[in-house]
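Reading the structure
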Amino acid sequence: MIKIDREMQASLEAIIRKREKAMKDGEEVNKSDLLGILLESNSKEIKEHGMSNREIVEECYTFYMAGQETTAVLIVWTMVMLSRYPEWQSRAREEVFQVFGNRKPDSDGLNRLKTVSMILNEVLRLYPPTLFFSRTLNKDIKMQNLSLPAGVKISLPILLIHHDRELWGDDAREFKPERFSEGIAKATKGQVSYFPFGWGPRMCIGQNFSLMEAKIFFTLLLQRFTIELSPAYTHAPVNFLNLKPMRGAQIVLHKL
Ligand code: HEM
């Protein structure tokens, strides 16, 4: 892990140096991606409050670690579930064709993909990419008959709560996107029982971005292919930084 960490830091530093040099040399550079925005805003503020190169590396690192694999495993588990539940795959494809036909997806249409959103919500409930998040108490608190002193670290087990039969019913472990047919608030009956992106002021800032990415991916995929699990697939979810299939997900694509 330490070696991988060093390699990632070094490779990010190299990318940043290259972009900075291009900016200094007056070359045409992308100013609208994350790195472009960070460097542009930093160069304006550098005299007083600017970030050091090290801090820019850390920011890019956070976005990469927090954003890349989480969305990738959401897409993988959704492909697995659409293969296992072909009726949901057909419903999602019908919706995609109804909204876009063979056209490229646009943001207006993506907001109208109700079935696809229900499927993504249910996948995030059953296979939340992040299994838990933590908070450290900054003051003593009392919750019903439980007293917790400041400094205690609390873990919120996303997966366990998403699978809890008391909260979700006897079919809690089953794939039933119809739970979300009237939105998340109705599905949770207003309780805090669904939080794949965390909760409170520090909840995931990439939530809308990642759902948008996943919807674009599935629109383009379902317009072109049917998907099926290969007989080589074994269902073995494992927690390795994120919840992922231990032996990968072998998917067969058939052209429509
Ligand atoms: C399916 C995709 C994703 C899942 C399941 C996910 C989940 C989470 C969770 C559980 C947290 C902790 C929230 C908390 O402590 O309350 C978090 C934080 C964060 N996420 Fe995501 N995330 C996803 C995608 C992304 C993407 C695409 C980005 C960036 C483009 C991103 C950036 C971040 C950042 C920067 C934080 C830290 C926020 C802070 O501490 O203020 N995430 N995410």
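For the structure itself, look to the data block above.
Just so it is clear, the model here is predicted, and its values are computed rather than measured. (Residues numbered from 1 in each chain as written. Predicted model: local features only at pLDDT ≥ 70, side-chain atom pairs only at ≥ 80, totals over all residues. Heavy atoms only, no water.)

Counting its secondary structure elements, the protein chain contains 10 helices and 8 strands. Across the 256 residues in the protein chain, those meeting the buried criterion constitute 36%. The contacts of the protein chain with a sequence gap of at least 6 include a subset with a gap of at least 24, amounting to 64%. On the protein chain, roughly 15,900 Å² of surface is accessible, and the fraction owed to carbon and sulfur atoms is 56%. Across the protein chain, the centroid of the 35 positively charged side chains sits 2 Å from that of the 31 negatively charged ones. (Helix = DSSP H or I, 4+ residues; strand = E, 2+ residues; numbered from the N terminus. Buried < 20%, exposed > 50% of the residue type's maximum accessible area, 1.4 Å probe, protein only. Contact = heavy atoms within 4.5 Å. Areas by Shrake-Rupley, 256 points an atom, 1.4 Å probe, with all protein chains shown as cover. Lys, Arg positive; Asp, Glu negative; His and termini not counted. Charge placed at Lys NZ, Arg CZ, Asp CG, Glu CD.)

A separate point is the site of the ligand. In the region of the ligand, 22 residues are neighbours, and Gly67, Arg135, Trp199, Arg202 and Cys204 sit closest. A distance of 2.7 Å separates an oxygen atom of the ligand from a polar side-chain atom of Arg202. At the level of secondary structure, the elements contributing two or more residues to the shell around the ligand comprise helix 3 (53-84), strand 1 (132-136) and helix 10 (207-224). Per-element accounting of the shell around the ligand gives the leading share, 7 residues, to helix 3. Of the residues belonging to the shell around the ligand, the class tally is 12 nonpolar, 8 polar and 2 charged. (Near = heavy atom within 4 Å. Polar contact = N/O pair within 3.5 Å; in protein donor to acceptor, adjacent residues only side chain to side chain. Nonpolar A, V, L, I, M, F, W, Y, C, P; charged D, E, K, R; others polar.)

To continue, consider the coordination of the iron atom of the ligand. With respect to protein ligation, the iron atom of the ligand binds only Cys204 (SG), at 2.3 Å. By the secondary structure assignment, Cys204 is in the loop between helix 9 (184-187) and helix 10. (Donors = N, O, S within 2.8 Å, 3.2 Å for Na, K, Ca; no water.)

Attention now goes to the packing of aromatic side chains. In this description, an aromatic ring pair is defined by two values, namely the gap between the centres and the angle between the planes. Using the criterion set out here, one finds 8 aromatic pairs in the structure. Judged by centre distance (4.8 Å) and plane angle (35°), the rings of Tyr85 and Phe175 are tilted. Of the two residues, Tyr85 sits in the loop between helix 3 and helix 4 (86-100) while Phe175 sits in the loop between helix 8 (165-168) and helix 9, which places them 90 residues apart along the sequence. Classification of Tyr85 as partly exposed rests on a relative accessible area of 25%. A relative accessible area of 7% places Phe175 in the buried class. (Phe/Tyr/Trp six-rings, centres within 6.5 Å; stacked < 30°, edge-to-face > 60°.)

We now examine unusual backbone geometry. We note that Gln144 has phi near 45°; this positive angle belongs to a residue other than glycine. Considering the arrangement of structural elements, one finds Gln144 in the loop between strand 2 (141-143) and strand 3 (146-148). Given the relative accessible area of 78%, Gln144 is considered exposed. In this structure, Leu241 takes a positive phi of about 70° despite not being glycine.

With that settled, consider the nonpolar core. Membership of the largest hydrophobic core comes to 39 residues, with the highest contact counts inside it found for Trp77 and Phe218. Counting only elements with at least two residues in this core, the list comes to helix 3, helix 4, helix 6 (114-126) and helix 10. Of all the elements, helix 3 adds the most residues to this core, at 8 residues. With sequence-adjacent residues up to four places away left out, Trp77 is seen in contact with Val123, Tyr127, Tyr233, His235, Pro237, Leu243, Lys244 and Pro245. Ile16, Leu35, Ile56 and Tyr61 belong to the second-largest nonpolar core, a separate cluster that totals 10 residues. (Core = buried A, V, L, I, M, F, W, Y, C linked by side-chain atoms within 4.5 Å.)

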